[in-house]
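Remarks on the overall topology
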Amino acid sequence: MSLSEQYIALMTLLRKEIRRFLRIWPQTLLPSAITMSLYFVIFGSLIGSRIGDMGGFRYMEFVVPGLIMMAIVTNSYSNVVSSFFGSKFNHSVEELLVSPTPNYVILLGFLLGGIARGLLVALIVTAVSLFFTRLPIYSIGIVALVVLFTSTLFALAGFINGVYANNFDDISIIPTFVLTPLTYLGGVFYSLDLLPEFWAGVSKLNPLVYVVNAFRYGVLGVSDVNVTFAFAMIAGFTVLLFFYAMHLLSSGKRLRQ
């Protein structure tokens, strides 16, 4: 395929992915706004007023970056895993595989769809958060980079889950038993400085700690971990998962139901 034909194929996949989640927006976009509003009310307004300051900021300001990142992670992941497994289930992925479309175009089409949903939900959650607190952006460049890298990373993870899934139950196992615990233990609601030294060290094995703290640094200018190292971790995982996803597409062993 020529470059122009590859571009047309990529835009076609991307439009399909965006239309898919916009068509069912009460299921894909609205729940995040409602859930995060409840988090803001409970953890910010009700509990936060009793906790006091954390990291030099009001508790509400401290948790908002983590909640925004949690929405990005969840939506980027779930959009790609559900879309790709749906393509496997109805056998439409086989049509893509036998077409002259390069594997990287197929992968990018699904990834960009997940990134688009993650970014849209991030904007919605951020708009909701402004009703409860202010967001003093410390570095818009860091914020943009963290959002882009994180949404890409978890869209890739969702793609890999979709490749390995054999039924609809398989696409909910990782989010329920892996992603959710890692998110809640990733420093969204607390600072690692509050933990004993041993548990703070254990927490640093959690990749979500680096995602949350890098984003919090971009918004508030504070972080529990070295920001450069956090970016290296996120970028490293992203590159690793990208090449593994390309390997899975090239082998094609698990892409047919």
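Keep in mind the model is a prediction, meaning the values are calculated, not measured.

The next point concerns the pattern of salt bridges. Considering all chains together, one arrives at three salt bridges under this definition. Glu61 is the partner of Arg58 in a salt bridge, and the nearest nitrogen-oxygen pair spans 3.9 Å. On the accessibility criterion, Arg58 (42% relative accessible area) is partly exposed. According to the relative accessible area criterion, Glu61 is buried, its value standing at 5%. The partner of Glu61 in a salt bridge is Arg134, and the shortest N-O contact between them spans 3.5 Å. Of this pair, Glu61 sits in helix α5 (residues 59-89) while Arg134 sits in the loop between α7 (103-129) and α8 (140-164), and the two are 73 residues apart along the sequence. Several salt bridges converge on common partners, so that one network encompasses Arg58, Glu61 and Arg134.

Right, let's talk about the environment of Pro31 for a bit. Looking at the secondary structure, you find Pro31 in helix α3 (residues 30-46). Here Pro31 is in contact with Trp25 and Pro26, once residues within four sequence places are set aside.

Turning next to the confidence of the model for the protein. On average, residues of the protein carry a pLDDT of 87, and 96% of them reach 70 or more. Of all the helices and strands in the protein, helix α4 (residues 48-51) carries the lowest mean pLDDT, 71, while α8 carries the highest, 93.

This part is about the packing of aromatic side chains. Per the counting criterion, the structure on display carries 12 aromatic pairs. Where Phe84 meets Phe159, the ring centres are 4.5 Å apart and the plane angle is 50°; that geometry is what we call tilted. Of the two residues, Phe84 is situated in helix α5 and Phe159 in helix α8; the sequence distance between them amounts to 75 residues. Classification of Phe159 as buried rests on a relative accessible area of 0%.

Calculation rules
- Residues numbered from 1 in each chain as written.
- Predicted model: local features only at pLDDT ≥ 70, side-chain atom pairs only at ≥ 80, totals over all residues.
- Heavy atoms only, no water.
- Salt bridge = Lys/Arg side-chain N within 4 Å of Asp/Glu carboxyl O.
- Buried < 20%, exposed > 50% of the residue type's maximum accessible area, 1.4 Å probe, protein only.
- Helix = DSSP H or I, 4+ residues; strand = E, 2+ residues; numbered from the N terminus.
- Contact = heavy atoms within 4.5 Å.
- pLDDT = per-residue confidence, 0-100.
- Phe/Tyr/Trp six-rings, centres within 6.5 Å; stacked < 30°, edge-to-face > 60°.

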